[in-house]
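Remarks on the overall topology
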Amino acid sequence: MKIRIVYIIFVLGIWSCTDTPIESITLSVLADKTDSLIPKPSSLHIKSFFNHAKYENGTRAFRFQSITNANVNASFQAEIPKADPFGNSLQRSANIQKFYKQIDTLLAYKNREKQQYNSSSILKPLLMQLEKVKATNTTQKVVLLYSDLLEASDVFNVYKKQNQQLLIATPEKVVEILKLELNIPKLEGVHLYIIYYPTDRLNNRLFEKMTLVYKELFKDSGLKIHIGIDNQIQL
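The text that follows walks through the structure, step by step, so that each part is easy to find. As the structure is a prediction and not an experimental result, all values here were calculated from the model.

How each quantity is defined
- Residues numbered from 1 in each chain as written.
- Predicted model: local features only at pLDDT ≥ 70, side-chain atom pairs only at ≥ 80, totals over all residues.
- Heavy atoms only, no water.
- Helix = DSSP H or I, 4+ residues; strand = E, 2+ residues; numbered from the N terminus.
- Buried < 20%, exposed > 50% of the residue type's maximum accessible area, 1.4 Å probe, protein only.
- Arc of directions from axis to C-beta.
- Contact = heavy atoms within 4.5 Å.
- Polar contact = N/O pair within 3.5 Å; in protein donor to acceptor, adjacent residues only side chain to side chain.
- Pairing = 2+ DSSP bridges.
- Axes fitted to C-alpha atoms, helices over the stretch in contact; angles between N-to-C directions.
- Right-handed = clockwise from strand over helix to strand, strands pointing away.
- Parallel < 35°, antiparallel > 145°, perpendicular 65-115°, else oblique.
- Left-handed = near helix turned anticlockwise from the far one by under 90°.
- Salt bridge = Lys/Arg side-chain N within 4 Å of Asp/Glu carboxyl O.
- Phe/Tyr/Trp six-rings, centres within 6.5 Å; stacked < 30°, edge-to-face > 60°.

**Section: the overall build of the protein**
Across its full length, the protein holds 7 helices and 6 strands. In sequence order, the protein lays out its α and β elements as α-β-α-β-β-α-α-β-α-α-β-α-β. Per-residue burial over the protein gives 45% buried out of 235 residues.

**Some remarks on helix H2 (residues 43–50)**
Where H2 is concerned, the buried positions are His45, Ile46, Phe49 and Phe50. Taken down its axis, H2 places every buried residue within 130° of arc, on the same side. Contacts from the buried residues of H2 go to strand S1 (25–32), strand S2 (60–67), helix H3 (89–112), strand S4 (140–146) and strand S5 (190–195). The N-terminus of H2 is capped by Ser42, whose side-chain oxygen sits 3.1 Å from the backbone nitrogen of Leu44.

**As for the environment of Asn183**
Considering the arrangement of structural elements, one finds Asn183 in the loop between helix H6 (171–181) and S5. Owing to a relative accessible area of 67%, Asn183 belongs among the exposed residues under this scheme. For the pair Asn183 and Leu127, spaced 56 residues apart in sequence, the C-alpha separation works out to 8.7 Å.

**Description of the sheet that holds strand S3 (residues 75–80)**
With respect to topology, 6 strands assemble into an open sheet ordered S3-S2-S1-S4-S5-S6, the strand pairing being mixed. Bordering the open sheet on either side are S3 and strand S6 (224–227), each of which pairs with just one other strand. Averaged over all pairs of adjacent strands, the angle between strand axes in this sheet comes to 15°, irrespective of strand direction. Inspection of the sheet shows S2 paired to S3 by 6 bridges, in the antiparallel sense. When the sheet's bridge partners are listed, Arg63 is paired in S3 with Gln77. Here H3 sits on the sheet in contact with S2 and S3, set at roughly 5° to S2.

**Some words on the side chain of Ser24**
Looking at the secondary structure, you find Ser24 in the loop between helix H1 (2–16) and S1. With relative accessibility at 7%, the residue Ser24 sits in the buried group. With residues up to four places along the chain from it excluded, the contact list for Ser24 reads Tyr55, Gly58, Thr59, Asn137, Thr138, Thr139 and Gln140.

**Re the pairing of S5**
Of all 6 residues that make up S5, 5 are buried, and the element is covered over most of its length. Both S5 and S6 contribute to a ladder of 4 bridges, which runs parallel. Residue pairing in the sheet places Ile194 in a bridge with Ile227 of S6. The β-α-β motif built from S5, the intervening helix H7 (residues 201–217) and the parallel element S6 has right-handed crossover chirality.

**A word on the packing of H6 against H7**
Each pair of packed helices gets described by two things: the angle between the helix axes and the distance between those axes. With their axes 9 Å apart at the nearest point, H6 and H7 run at an angle of 50° to one another. With respect to each other, H6 and H7 are oriented oblique. As H6 runs across H7, the sense of the crossing is right-handed. Within the contact between the two elements, H6 uses Pro171, Val174, Val175, Leu178 and Lys179 and H7 uses Lys209, Val213, Glu216 and Leu217.

**Let's talk about the pattern of salt bridges**
Throughout the structure, instances matching the rule amount to 3 salt bridges. As a salt-bridge pair, Glu113 and Lys110 come within 3.4 Å of each other at their nearest N and O atoms.

**A closer look at the packing of aromatic side chains**
The geometry of an aromatic ring pair is captured by two quantities: the separation of the ring centres and the angle between the planes. Throughout the structure, instances matching the rule amount to 6 aromatic pairs. When the ring of Phe49 is compared with that of Tyr193, the centres are 5.4 Å apart and the planes differ by 75°; the resulting orientation is edge-to-face. A residue pair is termed long-range when its members are at least 10 positions apart, and Phe49 in helix H2 and Tyr193 in strand S5 qualify at 144 residues. As far as the burial class goes, Phe49 and Tyr193 line up, both buried. Ring centres of Tyr214 and Phe218 lie 6.1 Å apart, and the angle between their planes is 50°; on these two criteria the pair is classed as tilted. Each member of the aromatic cluster is reached from another via a ring pair, and the members are Phe50, Phe99 and Tyr100.

Structural data, given as structure tokens:
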């Protein structure tokens, strides 16, 4: 009995006294529902983050929210807590499979939705989600934004002719307008992936200009912006 107690204390000591925290991740998906040509959220993208070996024993938290013509929309979440060193490995494996099934089921349901919207509020919901992800205590914080970035809200309307001309000619002035409308928080440690594939020349031009606007708008926040995401090849 004494040997068993010593062994337990030894294991706990190794588990709690490691020099680095257990790697963990929060991943939030924002799906723009305002245009049918915007890519739908992909479980391959999501699992390429969650399946990394470094998160094997850590927390994996998933969030999902649609982007529509409103600033606030229903959100969904699921989570696998960090592993218990004395837990049942088979049960954890089953919980992980259930976690992925919840994500697949939600994505399948949301990707089937046909409703589209005539306007799009992107920046305000994005800012709220970035702040929520920033506030988590996981070591990795990721937001996947599936959107063409073409704002059409009270903050800015890309579809107004004068605004579109302003965006194309002087995107820095659009940044100035947005800075007056929005409060950009500190977002160190957060990674934003913007996922969209333009379908024509004008679309490409507008998306390119809006990515410049985003990079300048968040320049001092510490947010790391990535344009696009690699698709994983299934062997």
